Amino acid sequence: MSIPVRRLNDADTEDALSLYAELTAGPTVFVPEDFGTILGQGSAEVFGAQMADRIVATFTLHVLANVTWGGSPYALSENVVNAEAHLRKGTGKQVLVAAVEAA
């Protein structure tokens, strides 16, 4: 099954923060503006898999400048989250593929 994956925007904040609450064992109180800060960084993109009207998986990709390796940039991934209710449905793989293609 092909699952639509897209770059997230400010309108997706509630869904993303809900997923982050599933991810963390730490505090689950988040500042919504912090998500907007990440989205506003030119070096970061947040991808989301969408089923119905909900984001059910995310992958944050940071592409960073580098001095070594001939100046080739490198990437970091974080907040790779798949909603528990959507495990084993291909959503995690789809956001990973989208992020790798963007990198």
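Preceding block: the structure.
Here's a quick rundown of the structure. (Residues numbered from 1 in each chain as written. Predicted model: local features only at pLDDT ≥ 70, side-chain atom pairs only at ≥ 80, totals over all residues. Heavy atoms only, no water.)

**Here's the deal with the overall build of the protein**
Just so we agree on the cut-off: Only DSSP runs of H or I with at least four residues qualify as helices, and only runs of E with at least two residues qualify as strands; both kinds are numbered from the N terminus onward. C-alpha atoms define the radius of gyration in this analysis, and the globule rule sets the expected value at 2.2 Å times the number of residues to the power 0.38. For each residue, the accessible area found with a 1.4 Å probe, counting protein chains only, is set against the maximum for its type, and the residue is called buried under 20%, exposed over 50%, and partly exposed in between. Any two residues whose heavy atoms approach within 4.5 Å are treated as being in contact. Computed with the Shrake-Rupley method and a 1.4 Å probe, the accessible areas treat only the protein chains shown as cover for residues. Note on charges: Lys and Arg go in the positive column, Asp and Glu in the negative column, and His and the chain ends are not counted at all. Charged side chains are reduced to one point each, which is NZ for Lys, CZ for Arg, CG for Asp and CD for Glu.
A count of helical and extended segments in the protein gives three helices and four strands. In sequence order, the protein lays out its α and β elements as β-α-α-β-β-β-α. Against the globule reference of 13 Å for 103 residues, the protein gives a C-alpha radius of gyration of 14 Å, in line with a compact fold. Seen through its principal axes, the protein has C-alpha atoms that stretch 45 × 35 × 25 Å. Within the protein, the proportion of its 103 residues that are buried is 30%. Across the protein, every contact between residues at least 6 apart in sequence was considered, and the portion connecting residues at least 24 apart equals 55%. Accessible area for the protein stands at about 6400 Å²; split by element, carbon and sulfur atoms hold 56% of it. One way to put it: in the protein the 6 positive side-chain charges average out to a point 11 Å from where the 12 negative ones average out.

**Some words on the packing of aromatic side chains**
Applied cut-off: In this analysis, rings of Phe, Tyr and Trp, with Trp reduced to its six-membered ring, are considered paired at centre separations within 6.5 Å, and the interplanar angle assigns stacked below 30 degrees, edge-to-face beyond 60, and tilted for intermediate values.
By the definition in use, this model includes two aromatic pairs. In textbook terms, an aromatic cluster arises when at least three aromatic residues are bridged by ring pairs, as seen for Tyr20, Phe30 and Phe35.

**Digging into the nonpolar core**
Selection criterion: Nonpolar core, defined: a set of buried Ala, Val, Leu, Ile, Met, Phe, Trp, Tyr and Cys residues in which side-chain atoms within 4.5 Å join the residues together.
Ranked by internal contacts, the top residues of the largest apolar core, which has 21 residues, are Tyr20, Phe35 and Ala49. Among the secondary structure elements, those contributing two or more residues to this core are helix H1 (13–23), strand E2 (44–51), strand E3 (54–64) and helix H3 (91–102). With five residues, E3 is the largest single contributor of residues to this core. When near neighbours in sequence (up to four residues on either side) are disregarded, Tyr20 contacts Phe30, Phe35, Val46, Thr58, Thr60, Asn79 and Val81.

**Some points on the side chain of Asp12**
Heads up, the condition is: A 3.5 Å cut-off defines polar contacts: any pair of N or O atoms within that distance qualifies, except that in protein one atom must be a possible hydrogen donor and the other a possible acceptor, and neighbouring residues in sequence count only when both atoms are side-chain atoms.
As for its position among the elements, Asp12 is in the loop between strand E1 (5–7) and H1. In this structure Asp12 comes out as buried when scored by relative accessible area, which is 6%. Reaching out from Asp12, the side chain makes a polar contact with the side chain of Arg6 at a distance of 2.7 Å. If we ignore the near neighbours within four places in the chain, the residues touching Asp12 are Arg6, Phe35 and Ile55.

**A few points about the side chain of His86**
Residue position: His86 is located in the loop between strand E4 (74–82) and H3. By relative accessible area, His86 is classed as buried at 19%. Apart from the residues within four sequence positions on either side, His86 is in contact with Met51, Val56 and Thr91.

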